[in-house]
Amino acid sequence: MSSKITPNTVSSLKKVRVGVLGATGTVGQRFITLLSEHPWFIIEALGASERSKGKKYREAVKWKQTIPLGGLAADLIVKGCTPEEFKTCQLVFSGLDADVAGDIEYAFRAANIPLFSNAKNYRRDPHVPLIVPLVNPSHFSIIPQQQSLHSPPLSKGFIVTNANCSTTGYVIPLAALEKAFGPIESVLVTTMQAISGAGYPGVPSLDILGNVVPYIGGEEEKIEWETLKILGGITDSENETDKNGAPLKTFDMHQAGGRPALRVSASCNRVPVVDGHMECVSLRFHRRPPPSPQQVREALSVFTPEIQSLGCPSSPRKAIEVFEEPDRPQPRLDVKGTHNGAGVSVGRVRQCQVLDIKFVVLSDNVSIGAATSSIINAEYAVLKGIVS
Ligand SMILES: NC(=O)C1=CN([C@@H]2O[C@H](COP(=O)(O)OP(=O)(O)OC[C@H]3O[C@@H](n4cnc5c(N)ncnc54)[C@H](OP(=O)(O)O)[C@@H]3O)[C@@H](O)[C@H]2O)C=CC1
Ligand SMILES: N[C@@H](CC(=O)OP(=O)(O)O)C(=O)O
C-alpha cells in the first residue's frame, strides 16, 4: 500500500484479514467484541491454548462481555497458536498470557506476520516500539530497523507492543501536558486498579471483596520505566551502528536534547472494581512558573492526537474528557466515557501544595488499556502503509 492511503480508500478496499491469539481471555474477548463490528478488519482466525483448540469459539470461551457473543467469530474453530495456522492473516493481535507470549509472538514475527501485542514480553526490547496510540505512534519509525536486524531480515513481520494498562491511562494526560507546557520533571502516581486487570478468573473474591490489596507484582516498576520509553523520542545511537556503519536508532527514554530526566514514582493497589483503573497523579513541570489548574484543564480538553486527525476509526471522538464536578470521574459511571472506553476521563484538576498540579484519571483497562490500543495501532499501520 502507498503512504497516500486515506480512511476513505481503506474503507473501499477488501477488509484486512486479522487473527487473535489468546482469543478466549479477558483481553481476547474485548478484541472479538471490537473487531466484530470493525469497518476495516475481519476476523479470520482465533487461537488459544490446548484446552480450547479444536472447539467452536462459543464452546471454548467463558464469555464475560456485556454485549452478547454473536457474528462470525462465535462459530470459528479455535486453533493452536502457530504461524502456520494463521498464514492467511494479514496481521495478528495477541492477548496471550505473558508466560507463553514470548516464544509464540517471536515465531509469528519470524513468519513475516505483523503482530500487535498486549503482553509485556517485548516492551523493553530496544528495537520494539511501545506504543500508546494517542501518544506516540511516531515510534512506528523503528520498525524498518527491527525488520532489518532480524536474521534473516523480514519484509513484513514485526512486533508492536502496547503498554501496561495503568501506564496507558495516565500517560495520555501527561503527553497532553508536555505538548502544551513542555517537559514534566517528576510524577507521583497512585493507582486503584480494577479486578479485570488480572485476567479471568483473576483475584480470588475472598481476597478482594470489601478489601484493598496494596500490591500488584511488577506493576510499579513497569509504570515507572514504560512512561520514559513512551514519552521519550527516538535518536541516533552514539555507539551502535548497522552493517553499513550508519548509527542505529534508539529510544532516548525522555532524556534527549538535555531534557531534564523525568522521575516517576508509582504505588499500585487492587480495588474491588470490575472495570476501570483510577489513578491519582501529582506532577511538577520544568517550566517556572507552572501553568494554573485552569490552563491545565484547557490543555487537556483540547488535546487532539494524530490518530484522531488521521481518521483511525477506533480513535475516541474526544481523547480526554475533563470533568468539572468535584466527585467525577467514577468507574461505575464513567469507565466507557464518550467513545466505548477509547478515551480517558480526568477530574479534580487542582493545585498541589508539594509539586505543581494534581488530578485523577480514569481509563478502561481492557479497552484503551489493552485491546483498543492494539486495534488503533493496527489502523495506524494500515493507514501509513506499514501493513499491507
Ligand atoms: N486484562 C487487562 O486489563 C490487561 C491485560 N494485559 C495483558 O494481556 C495479556 C492477556 O491478558 P488477559 O486477557 O487478562 O489474560 P487471560 O488469562 O484472561 O487470558 C489468557 C489467554 O491466553 C491463552 N493461553 C494461555 N496459555 C496458552 C498457551 N500455552 N498457548 C496458547 N494460548 C494460551 C488463554 O487461552 P485458554 O482460554 O485456552 O486457556 C487465554 O486466551 C496478558 O499478557 C496481560 O498481561 C495488558 C493490559 C491490560
Ligand atoms: N497488571 C495489570 C494488567 C496487565 O496484565 O499488565 P501487563 O500487560 O503490564 O502485564 C493489572 O493487573 O491491572
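Scroll up to find the structure.
An account of the accompanying structure is given in this report. (Residues numbered from 1 in each chain as written. Chains lettered and ligands numbered in written order. Predicted model: local features only at pLDDT ≥ 70, side-chain atom pairs only at ≥ 80, totals over all residues. Heavy atoms only, no water.)

Take the packing of aromatic side chains next. Per the counting criterion, the structure on display carries eight aromatic pairs. When the ring of Phe116 is compared with that of Phe158, the centres are 5.7 Å apart and the planes differ by 85°; the resulting orientation is edge-to-face. Residue Phe116 is located in strand 4 (residues 115-117), and its partner Phe158 is located in the loop between helix 5 (143-149) and strand 5 (159-161); the two are separated by 42 residues in the primary sequence. The exposure class assigned to Phe158 is buried, which follows from its relative accessible area of 0%. Seen in terms of ring centroids, Phe181 and Phe285 are 5.7 Å apart; in terms of plane orientation they differ by 80°. Their pairing is edge-to-face. Here the residue Phe181 occupies a position in helix 6 (residues 165-181), and Phe285 occupies one in strand 10 (residues 277-285), the gap between them amounting to 104 residues. (Phe/Tyr/Trp six-rings, centres within 6.5 Å; stacked < 30°, edge-to-face > 60°. Helix = DSSP H or I, 4+ residues; strand = E, 2+ residues; numbered from the N terminus. Buried < 20%, exposed > 50% of the residue type's maximum accessible area, 1.4 Å probe, protein only.)

Moving on, we come to the site of ligand 2. The environment of ligand 2 is made up of Asn118, Arg123, Asn164, Cys165, Gln193, Gly197, Ala198, Glu219, Lys222, Arg270 and His277. Within the side chain of Arg123, one N or O atom sits 2.7 Å away from an oxygen atom of ligand 2. Glu219 places a polar side-chain atom, nitrogen or oxygen, 2.7 Å from a nitrogen atom of ligand 2. Compared with its free state, where it exposes 350 Å², ligand 2 has 80% of that area covered by protein. Split into classes, the residues belonging to the shell around ligand 2 amount to two nonpolar, five polar and four charged. (Near = heavy atom within 4 Å. Polar contact = N/O pair within 3.5 Å; in protein donor to acceptor, adjacent residues only side chain to side chain. Areas by Shrake-Rupley, 256 points an atom, 1.4 Å probe, with all protein chains shown as cover. Nonpolar A, V, L, I, M, F, W, Y, C, P; charged D, E, K, R; others polar.)

If you trace the six strands from one edge of the open sheet to the other, you get 9-6-10-13-12-11, paired in mixed fashion. The open sheet terminates on both sides in strands that have one partner only, identified here as strand 9 (263-270) and strand 11 (320-322). Neighbour-to-neighbour, the strand axes of this sheet turn through a mean angle of 20°, independent of strand direction. Pairing of strand 12 (residues 344-351) with strand 13 (residues 357-363), which is carried by six bridges, proceeds in the antiparallel orientation. Of the residues in strand 13, the one forming a bridge with Val346 is Val361. Sheet strands touched by helix 6: strand 6 (184-193), strand 9, strand 10, strand 11, strand 12 and strand 13. Its angle to strand 10, the strand with the most contacts, is close to 30°. Sheet contacts for helix 9 (residues 293-302): strand 10, strand 11, strand 12 and strand 13; angle to strand 12, the most-contacted strand, approximately 165°. (Pairing = 2+ DSSP bridges. Axes fitted to C-alpha atoms, helices over the stretch in contact; angles between N-to-C directions. Contact = heavy atoms within 4.5 Å.)

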